[in-house]
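# Secondary and tertiary structure notes
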Amino acid sequence: MFLTVLLRLLTLLAVLLLALPVAALPIGSGVPAPVWISLALVVVALVVLLFRSRWTPRGVGATLLGMVLVVLAATVASQIYAATPPITGADGKPLPGSIAVLEKVTLNGSQQWITIRGQDATKPILLNLGMGGPGGGGFATRTLFTPLEKDFVVVSWDEPGTGKSYKAVPIESLTPERFIEDAHALTLYLRQRFGQEKIFVYGTSWTSILGVWLVQRYPELFYAYIGNGQMVNTDLDDVMGYELALEYSAERGDTATVTALRRNGPPPYSGDGLLNKYVLYLDVLNDYMGSPRYTLVVPIVPFFAPEYGLVDKINHTRGLMQSFTVVYPQLQGLDFTTQAAKLDVPVYIFAGRNDVNAMSSLVEDYFDILQAPRKQLIWLEGGHGLGSDNLAQFVDVMTNTVLAEAKIDE
């Protein structure tokens, strides 16, 4: 009797797990309602079949086989219908003159993906290099830039090795130089496509490093560089973060975390377990800032991006983990106070008052010595990057300061 009940519970658990991809379709995919509703009805029919068959081996087998086929259909549909939503007016129809496309572009011989979104396709281009990482991509947090689509054409980039660009190049071949030159190629493409002499570029966390490198090498292509969660010296930043995580964990009496941190020792890390060692203290820092842990956020965030099919959503998480492991060790020795003390474009740096991922003291030191045609340090509420507590201020500065001071129409 016990064995029978256990087998039935395991079968129900398998059915529920297999139903999750279908349940995810209406939450964060471009699959039309008639398609996902039809798949959901098939799931219901299979569950009914299971009970009506009185849990016979044949009934259980047919149900599980049917569920597998439904999952395959849901996965294929999610990939086919992946799209960026149209920009609509009050009538719910696409806004005349707007642009909202998800497209594949060729950058230095590899196929990579971007979204292009704006209420007016003639507005200045803002290139969003992505959410961080390395390996975060630009689509998972693309909606943060929706308020800027009125005044900019916002281009979000899934960099090679993540999300829809997961297979653009072998991840083990990724280097800082590859990212710089792919971002340069994308910039040239956007200038030509939209007939604009220059564009704006935005980077946060890891992509704030990429952004500085990009404008340092090709200043003539950019109106301004905008950094957020600005990384300055990764080695020093990591050591300071590790020490804070150790102190904070000890104050809270979290002896297990303190023991694990001491066992790992201070960064930089290399070899097996590199990612887990970084994530351990970074998640403590997220707790300190009142932010969700990366181990929670990273797998969940891509599931709300309609630009991703189910395969892309999984590849986003895989890509971030793999890209970080390959690329982050290559950032050792970075120090913008000596390596990028002068930039030939206007620079706007947003810094969270409570940011201990990109240490505010290092950001201030860099800003103080930085030479640029124009520079401004803007303090935001909150911690690392954009969120509900600072988005309105960010949008205000972007439209009324960054865009206004570029004087594009003069």
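Shown above is the structure to which this text applies.
Being a predicted model, the structure only gives us computed values, none of them experimental. (Residues numbered from 1 in each chain as written. Predicted model: local features only at pLDDT ≥ 70, side-chain atom pairs only at ≥ 80, totals over all residues. Heavy atoms only, no water.)

### Describing the pairing of strand β8 (residues 375-380)
Keep this limit in mind: Strands are treated as partners if at least two bridges between them are detected by DSSP. Segments assigned H or I by DSSP are reported as helices when at least four residues long, segments assigned E as strands when at least two residues long, and all are numbered from the N terminus. Viewed with both strands pointing away, a crossover whose connecting path from the first strand over the helix to the second turns clockwise is right-handed.
With six bridges joining them, strand β7 (residues 347-352) and β8 adopt parallel strand pairing. Within β8, the residue paired with isoleucine 349 across the bridge is leucine 377. The parallel pair β7 and β8, bridged by helix α12 (residues 360-369), forms a crossover whose chirality is right-handed.

### Quick notes on the side chain of asparagine 128
So the rule is basically this: Any two residues whose heavy atoms approach within 4.5 Å are treated as being in contact.
Along the chain, asparagine 128 turns up in strand β3 (residues 125-128). When sequence neighbours within four positions are dropped, the list of residues in contact with asparagine 128 reads Gly138, Phe145, Val155, Ser156, Trp157 and Tyr202.

### Side note on the pairing of strand β5 (residues 199-204)
Two faces belong to every sheet, and in a regular strand the side chains alternate between them. Rules: Note on exposure labels: buried denotes an accessible area under 20% of the residue type's maximum, exposed denotes more than 50%, and partly exposed covers the range between, all computed with a 1.4 Å probe on protein chains only.
β5 sits mainly inside the fold: six of its six residues count as buried. Burial along β5 is two-sided: the face carrying Ile199, Val201 and Gly203 and the face carrying Phe200, Tyr202 and Thr204 are both buried. For β5 and strand β6 (residues 222-228), the ladder comprises six bridges, and the chain directions are parallel. The residue of β6 that forms the bridge with threonine 204 is asparagine 228.

### What about the nonpolar core?
Here is the rule: By nonpolar core we mean a set of buried residues, namely Ala, Val, Leu, Ile, Met, Phe, Trp, Tyr and Cys, connected to one another through side-chain atoms within 4.5 Å.
With 73 residues, the main nonpolar core has Leu127, Trp157, Phe222, Tyr281, Phe336 and Tyr366 as its most contacted residues. Broken down by element, the residue count for this core peaks at nine residues, all from helix α8 (residues 274-289). Contacts of phenylalanine 222, omitting those with residues within four sequence positions, involve Thr187, Lys198, Ile199, Val201, Leu214, Val215 and Val345. Counting 22 residues, the second largest nonpolar core, distinct from the first, contains Phe145, Tyr223, Leu386 and Val395.

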